[in-house]
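Remarks on the overall topology
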There are 2 protein chains.
Amino acid sequence: MEGSSIMTRNITVIGAGSWGTSLSILLEANNHKVKVYSHSQEEVDEINSTRINSSKLPGIKISKNIFFTNVLEEALENSEIIVLVVPSQAIREVSKQINNILKRRNITIVCCSKGFENSTGKLLSEVIKEEIPECNICILTGPSHAEEVALNIPTAVVSASNDIDVAEEIQQIFMNEVFRVYTSTDVIGVEVAGAMKNIIALCAGISDGLGYGDNTKAALMTRGIAEISRLGVAMGAGHQTFLGLAGIGDLIVTCTSNHSRNRRAGMLIGKGLSLKDALEQVKMVVEGAEAAKVINDLSKKWNVEMPISTEAFLVLYENKSPREAVRDLMIREKKDE
Amino acid sequence: MEGSSIMTRNITVIGAGSWGTSLSILLEANNHKVKVYSHSQEEVDEINSTRINSSKLPGIKISKNIFFTNVLEEALENSEIIVLVVPSQAIREVSKQINNILKRRNITIVCCSKGFENSTGKLLSEVIKEEIPECNICILTGPSHAEEVALNIPTAVVSASNDIDVAEEIQQIFMNEVFRVYTSTDVIGVEVAGAMKNIIALCAGISDGLGYGDNTKAALMTRGIAEISRLGVAMGAGHQTFLGLAGIGDLIVTCTSNHSRNRRAGMLIGKGLSLKDALEQVKMVVEGAEAAKVINDLSKKWNVEMPISTEAFLVLYENKSPREAVRDLMIREKKDE
C-alpha cells in the first residue's frame, strides 16, 4: 500500500479545475510523474510562481514536482496514462486534440468527467472511444469533493473499465491510505449514475426550497436512484452498481452538499424562481438542467418509467409548479417497491 | 385517494411516543377510528386535557376523535388492526399481553419498531409471530421523522408483509396525499435494513466526530448498505430491498439527521469519549450500540464479511481507537465493488 511499492508512471492530467488539481496532488503523492494541462496561460503562470491554484483549490499547496503547462503537446510527451478532468461538453473536442498528438496508441484514458454529451445523448466513454479509437478507457467516479481529497480526508471511489486489468491498474495507481479505490467492470452503470445524479440533486434542492423535510429528500433520493437504476439496467448496466459508490454514494454527496450547484439552482426554483432566473443567479453550468432534457429522450428511447425526472422536466421547461409536481408524485397509482 | 374512499377501520396504536402519536394523527385524518394505548396514566391525562403530547410531539394538535387510554383491554376492544410502536426490546412482552386479551385471532399487526431482539438476535416479526401465532404481520418502515409526518411534510414508506394482500391493505389504510406507501413482500429485508442502519449511523457520527468529511460519510453509508445487504441476502432477503426506502432511504435520514441519537453518540465517541461516557451524555437508548453486539454474532452465523460493523464493535467494546478503525477500513485488501 505504501507509495514506494507502486511503479512510477508518467501521467498527464488534462484540466486544472479543483478536481484535476486535487487528483494531480494525489498522484504525485503516490510517487508518479505528473504533468497537468490547463488551457489558461494565466492559471499556469500563477501555479508555477505560487504553487497554489487560488481560484480552484484555495489554500492547498501544490508540489513543485508537478509540472503545469498550457501546451498540450508538452503535457502529453511520454505520457502513459491520461486523466481527463474537463467539462463533459468539452470531452469530444479535447479527445480529438489528444488523438492528433498521441504517438503511443494503446494509451489508457481515465475519465473523471460526468454527464452525457448533450447533442447526442451519448455516454462520455462512447465519445472518447469515437475520438481515440485505440485507447483503453477507465471511469473514475464516486462521492469525492475535491476539497476533501486535497485535505487527505478519507474517500472511497470506483475505477470502472470493461477490461478488469485496466480497472485494477488504475486502482493500483490512485489508491493510498486515504483514497480507497474499488474496481468495477460496469462502465455503463457508473456513467449513467454519474450523469443522472444531477437531476435528482436539482429535485432535492427544489424540495428544500419548498420547505419540505428530510423525509421528502430521502424519498426523492431513494426513488430517484430506483429510476436511474431502471434506466441503467435497460441500457445494459448491472443493477448492483446503483447501490454502490458511483450510484447512491455519489448521489448522497451531491444531494446533501451545500456546494452542489445543482442543488442550489433547485432551491431557487423551489422558492419560486424560473429556471432562467435561477441559472443566472447560480452563474455556473447546472448539469442537471441540461441532463433533464436528454433524460426525457432516453426514458422514451429505452421505454423506462422515470416519474421524478419527468416531473423535473415539466417544472424546468414547461412551467409546472414545483408543489404541483411533488403532489403528483405522491398521489400516483399505488405501487410495490 | 381521498380519505372518504377508504373504508373506516378500528385501529389500535400501542405506544404514544412521537412516532405512535404521529401515526395516530395520520390514521384519524384518513377517517379511521383510532385508539391509542400508553402505559403512562400521566401522559394519557395530559393528552386528554390538552390534546397535545408535549414531551413527545410538542406543538402538534391531536384530534379529539382519537381516544387515549392506559388500559390495554380498552384500547384493544373491537380492534381490527394493531399498530405496534414500542421500543424493540418491549415487543415480546407487549405481544404476549396482547395475545392474552385478543378475542379476534386473525388480526393484523403492523410493526413500526425496528431492531433485533437482543437476547435472541431474532427479527421482531419472528418475536411477534411467536407470541401471537395467528396474526398477520406487516412491517411499516422507511425514512420518516415523526415530527415531519405530523407536519404533513411529504413522506414515502414501505408496507411489507409475506402476504401481499396484507401489505396492500395496510398501504390503503395509511396512504394519503402527503404519505405515500409502497408495498413489498420482503419482510426479512426491510427488518434487517431497519435494525442495522443504526450501527452505520453510529459510524457516520464517529466519522463526523473525527472531523472527516462528506466523502467519508457517503463512503461509510454506501459500503455500510453493501454489508447490510450481504447479511440480509444471506438471511433470505431480496437484494433490491436495500436500494429502497427501507434500506438506503432510511439510512440516509438516520445518518444525516441531527436528531439521530445513534449519530450523536457516535460523534461523542469520535471526539474521544468512551462508549459508557457517550451513552451517559446522550441519556437515551442508543440502538446501534446494542445492535453492534448482535450483528457480530449474525455476521459469524451467516458467514458474511461485515468490515464496518466489525470495526464498530472493536471501537465500542474493545477500546480500538476510531482513527485506527477508519485507517484499517481504508487499507484493507483491494476489492472489486
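Here we summarise the structure given alongside this text. (Residues numbered from 1 in each chain as written. Chains lettered and ligands numbered in written order. Predicted model: local features only at pLDDT ≥ 70, side-chain atom pairs only at ≥ 80, totals over all residues. Heavy atoms only, no water.)

Focus: the overall build of chain A
When helices and strands are tallied, chain A shows 15 helices and ten strands. Radius of gyration (C-alpha) of chain A: 20 Å, near the 20 Å computed for a compact globule of 337 residues. Its C-alpha atoms give chain A principal-axis dimensions of about 60 × 40 × 35 Å. Residue pairs at least 24 apart in sequence account for 69% of intrachain contacts in chain A once pairs closer than 6 positions are excluded. Taken as a whole, chain A presents about 13,000 Å² of accessible surface, with 49% of it coming from carbon and sulfur. Distance between charge centres in chain A, computed from 35 positive and 42 negative side chains, equals 3 Å. (Helix = DSSP H or I, 4+ residues; strand = E, 2+ residues; numbered from the N terminus. Rg over C-alpha atoms; globule rule 2.2 N^0.38 Å. Contact = heavy atoms within 4.5 Å. Areas by Shrake-Rupley, 256 points an atom, 1.4 Å probe, with all protein chains shown as cover. Lys, Arg positive; Asp, Glu negative; His and termini not counted. Charge placed at Lys NZ, Arg CZ, Asp CG, Glu CD.)

Notes on helix 12 (residues 275–282) of chain B
Residue and element names in this part refer to chain B. When we look at burial in helix 12, the residues that qualify are Leu 275, Ala 278 and Val 282. Buried residues along helix 12 cover an arc of 65 degrees about the axis, so they all sit on one side. For helix 12, the exposed residues set more than 90 degrees away from the buried face come down to Lys 276, Glu 280 and Gln 281. In the core, the buried residues of helix 12 are packed alongside helix 11 (261–270), helix 13 (287–301) and helix 14 (307–317). Lys 283, located one to two residues past helix 12, shows a positive phi value of around 60 degrees. (Buried < 20%, exposed > 50% of the residue type's maximum accessible area, 1.4 Å probe, protein only. Arc of directions from axis to C-beta.)

Here we look at the relation of the copies chain A and chain B
After a rotation of 180 degrees and a shift along the axis of 0.0 Å, chain A superposes on chain B with an RMSD of 0.0 Å. Taken together, the rotation and translation relating the two chain copies correspond to the operation of a two-fold axis. When C-alpha positions in chain A are compared against the rotation axis, the closest is assigned to Leu243(A), at 3.0 Å. When the interface residues of chain A are mapped onto chain B, 100% of them are again interface residues, pointing to one common binding face. (Least-squares fit on C-alpha atoms with pLDDT ≥ 70 in both.)

Focus on helix 2 (residues 41–50) of chain B
All names here are of chain B. Glu 43, Val 44 and Ile 47 are the residues of helix 2 that are buried. Each buried residue of helix 2 lies within a common arc of 100 degrees when the element is viewed along its axis, so the set occupies one face. Turned more than 90 degrees from where helix 2 packs its buried face, Glu 42 and Ser 49 sit exposed. Tucked inside the fold, the buried residues of helix 2 contact strand 3 (67–69).

Comments concerning the sheet that holds strand 9 (residues 155–160) of chain A
Residues and elements named next belong to chain A. Ordered in space as 3-2-1-4-5-8-9-10, the eight strands form an open sheet in which the pairing is mixed. Where the open sheet ends on each side, the last strands, each with one partner, are strand 3 (67–69) and strand 10 (179–184). Each strand axis lies, on average, 25 degrees off the axis of its neighbour in the sheet, ignoring direction. Both strand 2 (residues 33–37) and strand 3 contribute to a ladder of three bridges, which runs parallel. Note on strand 3: the bridge partner recorded for Lys 35 is Phe 67. (Pairing = 2+ DSSP bridges. Axes fitted to C-alpha atoms, helices over the stretch in contact; angles between N-to-C directions.)

Observations regarding the interface of chain A and chain B
The partner chain B presents 56 residues to the 56 residues of chain A that form the contact. Here chain A meets chain B over a buried area of about 5,000 Å², counting both sides, of which 61% is carbon and sulfur. The largest contributions to the chain A side of the interface with chain B come from Asn215(A), Leu243(A) and Met330(A), which together make up 15% of the buried area. Here Arg327(A) ties to Glu177(B) by a salt bridge, and the two come within 3.4 Å at their closest N and O atoms. Counting across the interface, chain A meets chain B through 28 residue pairs in polar contact (both at pLDDT 80 or more). Of all the elements in the fold, those that place two or more residues in the side of chain A that touches chain B are helix 6 (146–150), strand 9, helix 7 (164–174), strand 10, helix 9 (214–235), helix 10 (245–256) and helix 15 (322–330) of chain A. Considering each element in turn, the side of chain A that touches chain B owes the most residues, ten residues, to helix 9 of chain A. A breakdown of the residues in the side of chain A that touches chain B according to their chemical character gives 27 nonpolar, 17 polar and twelve charged. (Buried area = accessible area lost by both parts, 1.4 Å probe. Salt bridge = Lys/Arg side-chain N within 4 Å of Asp/Glu carboxyl O. Polar contact = N/O pair within 3.5 Å; in protein donor to acceptor, adjacent residues only side chain to side chain. Nonpolar A, V, L, I, M, F, W, Y, C, P; charged D, E, K, R; others polar.)

Looking at the pairing of strand 5 (residues 108–111) of chain B
Residue and element names in this part refer to chain B. Taking every second residue as pointing to the same face, both faces of strand 5 are buried, with Thr 108 and Val 110 on one and Ile 109 and Cys 111 on the other. Inspection of the sheet shows strand 4 (residues 81–84) paired to strand 5 by four bridges, in the parallel sense. Looking at the pairing, Val 83 lines up with Val 110 of strand 5.

Structural notes on the pattern of salt bridges
The tally for this structure, following the rule as stated, stands at 40 salt bridges over all chains. Linking Glu80(B) and Arg9(B) is a salt bridge whose minimum nitrogen-to-oxygen distance equals 3.3 Å. With Glu80(B) in the loop between helix 3 (72–76) and strand 4 and Arg9(B) in the segment before strand 1 (10–14), this pair connects stretches of sequence that are 71 residues apart. The pair Glu80(B) / Arg9(B) is uniform in exposure class, with both members buried. Within the structure, one salt-bridge network assembled from shared partners comprises Arg92(A), Glu117(A), Lys122(A), Glu130(A) and Glu131(A).

What about unusual backbone geometry?
A positive phi angle, close to 60 degrees, is found at Asn152(B), a residue other than glycine. Tracing the backbone shows Asn152(B) in the loop between helix 6 (146–150) and strand 9 (155–160).

Here we look at the sheet that holds strand 2 (residues 33–37) of chain B
Residue and element names in this part refer to chain B. Pairing is mixed in the open sheet, where eight strands are placed in the order 3-2-1-4-5-8-9-10. In this open sheet, the two strands that pair with only one neighbour each are strand 3 and strand 10 (179–184). Averaged over all pairs of adjacent strands, the angle between their axes in this sheet comes to 25 degrees, without regard to strand direction. With respect to the sheet, helix 7 (residues 164–174) is in contact with strand 1, strand 4, strand 5, strand 8 (136–141), strand 9 and strand 10, its orientation differing from that of strand 10 by roughly 180 degrees.

Re the pairing of strand 5 (residues 108–111) of chain A
The side chains of a regular strand alternate, residue by residue, between the two faces of the sheet. When strand 5 of chain A meets strand 8 (residues 136–141) of chain A, the two strands line up parallel, connected through four bridges. Across the sheet, residue Ile109(A) finds its bridge partner in strand 8 of chain A, namely Ile137(A).

A word on the packing of aromatic side chains
Considering all chains together, one arrives at two aromatic pairs over all chains under this definition. Summarising the aromatic geometry, the rings of Phe313(A) and Tyr317(A) are spaced 5.4 Å apart at their centres and angled 50 degrees between planes, so their arrangement reads as tilted. Of this pair, Phe313(A) and Tyr317(A) both sit in helix 14 (residues 307–317), four residues apart, which is roughly one turn of that helix. Here Phe313(A) falls in the buried class, since its relative accessible area comes to 17%. Residue classification places Tyr317(A) among the partly exposed positions, given a relative accessible area of 29%. The ring of Tyr182(B) carries Arg223(A) above its face, with NZ or CZ at 4.2 Å from the centroid. (Phe/Tyr/Trp six-rings, centres within 6.5 Å; stacked < 30°, edge-to-face > 60°. Lys NZ or Arg CZ within 6 Å of the ring centre and 35° of its normal.)

Brief notes about the side chain of Ser125(B)
Residue and element names in this part refer to chain B. Note on placement: Ser 125 falls in helix 5 (residues 124–131). At a separation of 2.3 Å, a polar atom in the side chain of Ser 125 contacts the side chain of Glu 191. In this structure Ser 125 touches Ile 137, Ile 139, Val 187 and Glu 191, once residues within four positions along its chain are discounted.

Considering a negative patch on the surface
A cluster of acidic residues, Asp163(A), Asp165(A), Glu168(A) and Asp336(B), forms a negative patch on the protein surface. Residue placement: Glu168(A) occurs in helix 7. Judged by relative accessible area, Glu168(A) falls into the partly exposed class, the value being 39%. (Patch = residues over 30% accessible without salt bridge, like charges linked within 9 Å, V, L, I, M, F, W, Y side chains within 5 Å.)

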